[in-house]
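Chains, contacts and geometry: an overview
The chain contents come next:
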Amino acid sequence: MLDQVTQVLADHRYPLTLGADGLGGAGGAWLLERARAARATAIGERHFDAEIPQLVGALLSALRPDGYDTFVVEAGPESTRLVVEALDAGGVAAGSALLARHPSAVAFLDRHEELRLVADARGMGYVVWGVDQEYLGSPRLLLERLAQLTADPAARARLAGWLEDERRAFARFAETGDPTGLFLLATSEGALDALGGVDLDAGSEAARIARQLRASAAIYRAFLDQRLYDNNAARSALLKRNFLEHAARRCDAPSAPRALLKLGSNHAGRGRTPMFVHDLGNLVAELAFVAGGDSFHVMVEAVEAVGPDATVTRSHERVPWLAPAFDLVGDRPAAFDLAPLRPLLTQRGGKNAELNALQDVALRYDALVLVPRVHPSRPIEPVADGA
């Protein structure tokens, strides 16, 4: 069976180039052909790699003339909106300054390559949606915004007190690793609802911020309590709900927008995830079907990864079920069509764990893109006081 798998992969391997001119080679042409034919394209990635934003940027650029107009990122909706507003007003420098003042406030966008990718997407005319939970450090950014939205002295004083408590708690968290004093874990569920003088009517910006903070707190508390299924189920539901709310505000519901999604690989595939939930990637697939189209799901992996300390690790041990594809990659990226594996892997019996895992990948994803070696993306360094 393994020899057959390897042969199918070899027969459906397309060399890929990635440079200043964008995607090239047979792999680039094939990926773009499939993405252009789809209503939406979902990229399931590793996180914190410098090369993957370059790949996604090339896709965004090539697909914009074909009607793609929405870029979806794995970050909180309200914090992403504030970052995008900063980018629109003052470019990458303004976005970097905002994130430097609020470390760990916005997941993944606090890396230079990721922030540049969002800025480039805006420059191409894309709308950018954040759809995930608000990050553990986000209250320092979002509580500041709530204070800007009210002129009520009592509400401002309450928010100022919370902000000061949060700065101290975050400093302790950074020093000890103990998150239990942070706002999202320590503040009562109804605290935000009691803020007099803040417009918490449904649909207001303040109400959206409060709702996202409440939902994010529940997700983090489930994780802290080791209720891992509840954590994943609640997070998956929030990802989908946020996507649908974004679409509804653009009058796209129930249709899927022409969107490119960049998410962790657990979230971007169709069907049930390894976390036992049906995540945003599956919703996008179903919405595309309802709209009379299809979706295209691409997993991106690396054969080798350079760590922050310059050590090189091979991915064969971390994801051994992809080893047959890893062994077919030389010194430049390659794209693999996974669809031809499906008949082979679903018509077999047995309990081979690696083949079962490869079957899951081939059913959830249409394509696999392998990069020979990735390097760590660069974090935006916080200002001295983090304030």
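I will try to describe carefully the structure that is included in this document.

Rules of the game
Residues numbered from 1 in each chain as written. Predicted model: local features only at pLDDT ≥ 70, side-chain atom pairs only at ≥ 80, totals over all residues. Heavy atoms only, no water. Helix = DSSP H or I, 4+ residues; strand = E, 2+ residues; numbered from the N terminus. Rg over C-alpha atoms; globule rule 2.2 N^0.38 Å. Buried < 20%, exposed > 50% of the residue type's maximum accessible area, 1.4 Å probe, protein only. Contact = heavy atoms within 4.5 Å. Lys, Arg positive; Asp, Glu negative; His and termini not counted. Charge placed at Lys NZ, Arg CZ, Asp CG, Glu CD. Salt bridge = Lys/Arg side-chain N within 4 Å of Asp/Glu carboxyl O. Axes fitted to C-alpha atoms, helices over the stretch in contact; angles between N-to-C directions. Parallel < 35°, antiparallel > 145°, perpendicular 65-115°, else oblique. Left-handed = near helix turned anticlockwise from the far one by under 90°. Nonpolar A, V, L, I, M, F, W, Y, C, P; charged D, E, K, R; others polar. Phe/Tyr/Trp six-rings, centres within 6.5 Å; stacked < 30°, edge-to-face > 60°. Core = buried A, V, L, I, M, F, W, Y, C linked by side-chain atoms within 4.5 Å. Pairing = 2+ DSSP bridges.

To continue, consider the overall build of the protein chain. When you go through the protein chain residue by residue, the secondary structure sums to 15 helices and 11 strands. The C-alpha atoms of the protein chain give a radius of gyration of 22 Å, which matches the 21 Å a tight globule of 387 residues would have. Along the longest, intermediate and shortest principal axes, the C-alpha atoms of the protein chain span 70 × 45 × 40 Å. Taking all 387 residues of the protein chain together, 53% fall into the buried category. Excluding contacts between residues fewer than 6 apart, the proportion of contacts in the protein chain whose partners are at least 24 apart in sequence is 76%. Taking the average place of the 41 positive charges on the side chains of the protein chain and the average place of its 50 negative ones, the gap between the two points comes to 2 Å.

As a further point, take the pattern of salt bridges. Applying the stated rule across the entire model yields 27 salt bridges. Here Glu114 and Lys262 are joined by a salt bridge, their closest N and O atoms 2.8 Å apart. One end of the pair, Glu114, is in helix 5 (residues 112-124); the other, Lys262, is in strand 7 (residues 259-264), and 148 residues separate them in sequence. Here Glu114 matches Lys262 in class, with each residue buried. The partner of Arg318 in a salt bridge is Glu301, with the nearest N and O atoms 2.8 Å apart. Of this pair, Arg318 sits in the loop between strand 9 (312-314) and helix 13 (323-326) while Glu301 is found in strand 8 (residues 295-306), placing the two residues 17 residues apart along the sequence. For Arg318, a relative accessible area of 42% corresponds to the partly exposed category. Connected via shared salt-bridge partners are Glu78, Arg81, Glu85, Arg145, Glu205 and Arg208.

Time to look at the side chain of Arg270. When you line up the elements, Arg270 lands in the loop between helix 11 (265-268) and helix 12 (280-290). Given the relative accessible area of 19%, Arg270 is considered buried. Setting aside anything within four residues of it in sequence, one finds Arg270 in contact with Gly281, Asn282, Ala285, Asp294, Ser295, His297, Arg342, Leu363, Arg364 and Asp366.

On to the packing of helix 6 (residues 139-148) against helix 7 (residues 153-176). Look at helix 6 against helix 7: their axes get within 10 Å of each other, and the N-to-C directions meet at 165°. Comparing the axis directions of helix 6 and helix 7 gives the class roughly antiparallel. Classified by chirality, the crossing of helix 7 by helix 6 is left-handed. Contacts from Pro139, Arg140, Leu143, Glu144, Leu146, Ala147 and Gln148 of helix 6 reach helix 7 at Arg156, Leu159, Trp162, Leu163, Glu166, Arg167 and Phe170. Of the residues belonging to the contact of helix 6 with helix 7, the class tally is 8 nonpolar, 1 polar and 5 charged.

What follows covers the packing of aromatic side chains. Counted under the stated rule, the structure contains 6 aromatic pairs. Taking the centre distance of 6.1 Å and the plane angle of 85° together, the rings of Trp30 and Phe296 count as edge-to-face. Placement of the pair is Trp30 in helix 2 (residues 25-37) and Phe296 in strand 8, with a sequence separation of 266 residues. For the pair shown, Trp30 and Phe296 are each scored as buried.

Before going further, it helps to spend a moment on the environment of Gly67. In this fold, Gly67 is placed in the loop between helix 3 (51-63) and strand 5 (70-73). Considered as a pair, Gly67 and Ala259 are 192 residues apart in the sequence and their alpha carbons are 9.0 Å apart.

With that out of the way, let us pick up the nonpolar core. Judged by nonpolar contacts, the single largest core of 76 residues is most densely connected at Phe71, Leu192 and Leu260. Excluding residues that lie within four positions of it along the chain, Leu260 makes contacts with Thr41, Ile43, Val56, Leu59, Leu60, Leu63, Tyr68, Thr70, Phe71 and Val72.

The next thing to look at is the packing of helix 4 (residues 77-101) against helix 9 (residues 205-224). Close contact between helix 4 and helix 9 brings their axes to 9 Å; oriented N to C, the two are set at 130°. With respect to each other, helix 4 and helix 9 are oriented oblique. Residue-level inspection shows Pro77, Glu78 and Arg81 of helix 4 in contact with helix 9, the latter providing Glu205, Arg208, Ile209 and Gln212. Grouping the constituent residues of the contact of helix 4 with helix 9 by class yields 2 nonpolar, 1 polar and 4 charged.

Note on strand geometry: in a regular strand, side chains alternate between the two faces of the sheet. Among the 6 residues in strand 7, 6 count as buried, and that is most of the element. When strand 4 (residues 40-45) meets strand 7, the two strands line up parallel, connected through 6 bridges. For Ala42, the partnering residue across the bridge sits in strand 7 and is Leu261. In this sheet, strand 7 lies alongside strand 5 in parallel orientation, the contact comprising 4 bridges. Across the sheet, Val72 pairs through a bridge with Leu261, a residue of strand 7.

Everything listed here is a matter of geometry and, on its own, says nothing about what the molecule does.
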